[in-house]
Structures are given as C-alpha cells and as structure tokens.
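Here is what each chain is made of, one letter per residue.
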Amino acid sequence: MSGDTTYILGISAFYHDSAACLLRDGEILAAAQEERFTRKKGDASFPVNAIEFCLGRAGISVADLTYVGFYDKPLLKFERILETYIGVAPRGFSTFVKAAPLWVKQKLHMEKLIRKGLGYKGEILYAEHHESHAASAFFPSPFEESAILTMDGVGEWETSTMGIGRGNDFELIKELRWPDSLGLLYSAFTYFTGFKVNSGEYKVMGLAPYGRPKYKKLIYEELIDLREDGSFRMNQKYFNYLSGLTMTNDAFADLFGGPPRAPEAKLTQREMDLARSVQEVVEEIVLRTATKIHEESGCDNLCLARGVALNCVCNGRLLREGPFKSIWIQPAAGDAGGALGVAQLIWHRYMGNERVVEPGRDSMMGTYLGPEFSSDEIVDYLKSQKASYRLLGREDLLETVAAILADGKVVGWFNGRMEFGPRALGSRSILGDPRSPEMQRKMNLKIKFREGFRPFAPSVLLERVSDYFELDCESPYMLLVARVKKERCIAMTGAEQELWGIEQLNVLRSDIPSVTHVDYSARVQTVSSTNPDFHDLIKAFEDATGYGVVVNTSFNVRGEPIVCTPADAYRCFMRTDMDHLVLGSYLLAKSDQPDWQEEGDWRNEFQLD
Ligand SMILES: [Fe+2]
C-alpha cells in the first residue's frame, strides 16, 4: 500500500479522445491519450493502456489508488440524447438507434466497467463534463485568480460555460445550453467543406486565410442570432445534428450554393470563403463572450479549455483585441483534458486541498507527461530491425542535427516524455528549416501525405520570440497565432495581390517562408528550458544559421496518432521521405537503413481525416 500518499486516477472515455491522468498528492505525475497506444486516432474506448502507463510510471497498482474519477456523469448525457430524440421524433430515429446501444451498454455501466475492468474496489467519483473542462483550465493555470471560459461541441447540456476561479476552487456563473453550440457551428462548416468532424476543424482554420469573409453576413442573418453578450441561438432549420447523422441539411446547402464538398474532392474558392467566414464569426462570438466575462468577473486573467480553445487563430485575436491581460490555455483542451480536470477537482474540491500557485508558471510540466524510453529500450528495438544508427554525445548530437536541418533535410525528433494533448512540442516532432521556401510543400506532400495548403508552425527560442513574431509572451503549447514581424515580411507585388485561393501559396512572404501563413501569421510555440534538449537544439540551429527558429510538425502521417514508441517512430520514418531520425541519443540516416517492406498499402490502416 502507498501509506499516506494520495493517488488519484482521472479517466475520460467514450466520447472521443479517451485519456488517463494520475495525480500523486495533487502533483500531475502522468497523463496520456489512449490513441497513442492503440494507434487508433481519437480512440474513445476505455483507456486501459493509458491507465496502465500512468500506474506503471508511479510504480503502483490499482490497489494503491485513493480515488478514481470519471470526467462525466453518464446518466446526464444519456438524458440529453433521450430528450433530444423525443423532441424531434420521429425524424431522429436513425441517430438514436446508432447512438443508443453504445450509450446504454458502456456509458451507463461505467461503475461496473471501472470495477471489473480495473479490479478497483475503492471509491469512484463522477464530475460533470463542463466542470471537468473548467477544472482543467483553472487548476493547472499560473493564476491565483482568473476568469474561466470553456466552449465546446457537446458536453452535457452546457455547451459554453463561464466561471471565476479563486484559490483552490472555482464557480461557474453562466452557461449556454445545447443545441446552441459554437463548436457545433464550426463543426457544421467542417462537415460542409468536406472535412471530418472532430478532427478536421484545424483544416478549416488553416484554410480560412485563403478565403474572403463573403458569407459572414449570411451566417449572421440566417444561421445564428447573436446577442451583445456573446450568447446566441442557432436556427435549427439549417442543421441536421439533432435528427440525423450529418451536420447540415438541404436548406443549408441551398444557402451556400450547392451540396457539401465531398471528402477528398478538389477544394474550391467557395470552401475557402466559407472557412474564412465561419472563422471570423467564431472569433467575434468569442470576443464578445470574453468581454462579458471580463466585466462580470473583474479579473484580468483568463483561462480557456474545451474544443474551441484549440482554435489558436481565435486565441491570438483574443490576446490582441480582447480585454484580458493574460491568457492561459490548457494544452489538452479537448476531452482528453477532462481526465486531468476531474482528478484535480477531487484533489482540490472534494478533498479540500490547497492550491499553491507559482506566479508565471503553470503546473503542466510543459505537458511532457507521457511515456519515455531508455537508451537500452531504443537500442534493443533498433537491433531487432537491423537498423543502422550512431550514438552521439549531447553537444555533438545537437550540432550535427542543426547542421542537417540547415542543409534542408527533414528530421524526425523523438526525445523524452511524450506530449499530453494534440500538439507535438518537441518530444515527438518532425523538424525542418523555416528559411526554405520548398519546405512546406515537401513536408506536406512527401512526409505527412496531406493537403498542400496546410501550414506549418514555428518553434522559436522564448528569448527570441519578439525578433520573429508580433508576440511578447510565452506560447509554450503552440496555441496562439501571431503575425510574423513586419521587418521580416516581403510585401506582395500588385500581381500577387490579385491572387486568390491556393495560388497564394507560391508567393514568398517572409525570410521564414515555410512557417509564414498566407496572411503573414504563424502558430507559434515558444521553447524554454522546460524542454532543455529541444531548446538547445534550436540554439545550435541559431549558431549555425543565425535563425533561432525551426519548423515543427507532429511526428505522424495523416490520419495516424502521433508516435509514442521508438517502433512507431522508426516505422513512420521508414514509410516517409524523412531524411534523418533522432531517437534519444541515437542518430539514423535514411540512406543507411535496410530495405523497408510491408504487405499491402499501409495507408489503409489509417482513417483519413
Ligand atoms: Fe468536452
């Protein structure tokens, strides 16, 4: 037994992105998403692998757990589905039939599942969905006192909540209820522009700068009724999510000039204009809501969580134009973060433990909360593959990799503990030279196997951020978009200004073109000593090139979860045109590796999103 030590296990599961998180005496010891272990993107099943990892990290067994917390009250969610169904019956029958068996069998039997699945005999506590999100926003934040804003697609009844956090607790003061949901509005456009709901939202955000906001007026006139305080009603005449399994209906299609784009069909100017329009509407709603909560709370700090908080363009605008002095965003802002939220809710609210805040420092440990692998484990794997590798000392490795990057090569960088949350932050990243004008296309098409328009993000030395971007604060989780510094931008010629849509991609925009989006913006990660190896690698790149910034994209291909183990990383390296791979202290060159053979087309194993 663990004696006086309190271990709390938080679990989120069965909606999307299952995860587990373990606290030891209130300290976040480990957290991971189930998808990384099962290799199924957004895996929503009970997170047995993530739980096993968390317990293993602490060296404890299920019997040592003081509490198990679940991020949602299963009955409330079921009630919403049922009431929605009754409200629109008989139109809603197909949705109900599809949703019901899973809910009834798994979601209502949570208790049994946790007890039997884990062999756990202690107390199980349930939080409400939006409270788990709000807890994940406030408790780990660097603020003693803060306004809280969470906005999402679906939770229980509450789709947006506002609250105020002080000391070791928070209270929620306002909510917007289902089915009026900012997340669902965005998802409707994600669906309509031909991307996958719940994962394609980033693509809509990435596509927006290519378009014009020409449908904005129509959205305000027909789709939503927005009030001064940021609350709104959605005109259900145009949406299909209450009664069907698609997001939008024929009336929606009539409004926006024809049927939705089929997935994988060619992107047209219409999709770009739609993306730009909905993005601007969402930004305006978030700004209004933030202004309201600022007024009501009197706080100058804001913390954010839930799906909409991952809209980093919106976050950037909130920071620039909104009323708050400081903003903190939970890096695992989606449902995975609910596992962390419920665990902290138990520690602070249920157990009444004090919350100690170190000003300016959150308690997420850079969100490097996942598994790590020893040199022995890495070498054992490499030997099993008859791979060719070199062991390098730290300084030598950093200088060598910096020189490889400066030479225009693409490097898979696998180092330390895996990130918790959707962004790769220098533990499981693919890196490149931001000065190269071809890098965006090369990385998109030959390495990630994804659409050429998708932008890449820069990781910049924290101490240099203002040299490259219009940003003077930390953005450790790559959740803020800022403009590339004016002096670095290259003005467009008259002819270039006439270009619209994808044609704009070929225009050189700055001296760091592969991380400069078509509207001169960039999704910035600032890198500090929280990740010393990654920081010093960028420093070495700066010594070699004069640039303290690299391209950083997640270590995976399209449709695949981010790599977790050395085996995942090596496989991804061998399947793509990546030039080099770093696994801990080991450097591998593609040209030295034995042939890589797989049966069939491996891309079929991934659900293209
Ligand atoms: Fe959620």
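The notes below deal with the structure included here. (Residues numbered from 1 in each chain as written. Predicted model: local features only at pLDDT ≥ 70, side-chain atom pairs only at ≥ 80, totals over all residues. Heavy atoms only, no water.)

### What about the pairing of strand β2 (residues 19-24)?
- A large share of β2 lies buried, amounting to 5 of its 6 residues.
- Pairing of strand β1 (residues 7-12) with β2 involves 6 bridges; the strand directions are antiparallel. Within β2, the residue paired with Leu9 across the bridge is Leu22.
- What sits between the antiparallel neighbours β1 and β2 is a turn of 6 residues, in which Phe14 has the positive phi angle 80 degrees.
- Both β2 and strand β3 (residues 27-33) contribute to a ladder of 6 bridges, which runs antiparallel. Directly across from Cys21, in β3, lies its bridge partner Ala31.
- Counting the residues that bridge the hairpin from β2 to β3 gives 2 residues, and of these Asp25 lies at a positive phi of roughly 45 degrees. (Buried < 20%, exposed > 50% of the residue type's maximum accessible area, 1.4 Å probe, protein only. Helix = DSSP H or I, 4+ residues; strand = E, 2+ residues; numbered from the N terminus. Pairing = 2+ DSSP bridges.)

### What about the pairing of strand β11 (residues 301-305)?
- Burial analysis of β11 places 5 of its 5 residues in the buried class, which makes it a mostly covered element.
- Every second residue of β11 is oriented toward a common face, with Asn301, Cys303 and Ala305 on one face and Leu302 and Leu304 on the other, all of them buried.
- Across 4 bridges, the pairing between strand β6 (residues 145-151) and β11 is parallel. Bridge pairing in β11 places Thr150 opposite Ala305.
- Here β11 runs beside strand β12 (residues 326-329); their pairing, made up of 4 bridges, is parallel. The residue of β12 that forms the bridge with Leu302 is Ile327.
- Viewed along the sheet, the connection from β11 through helix α12 (residues 312-321) into β12 turns out right-handed. (Right-handed = clockwise from strand over helix to strand, strands pointing away.)

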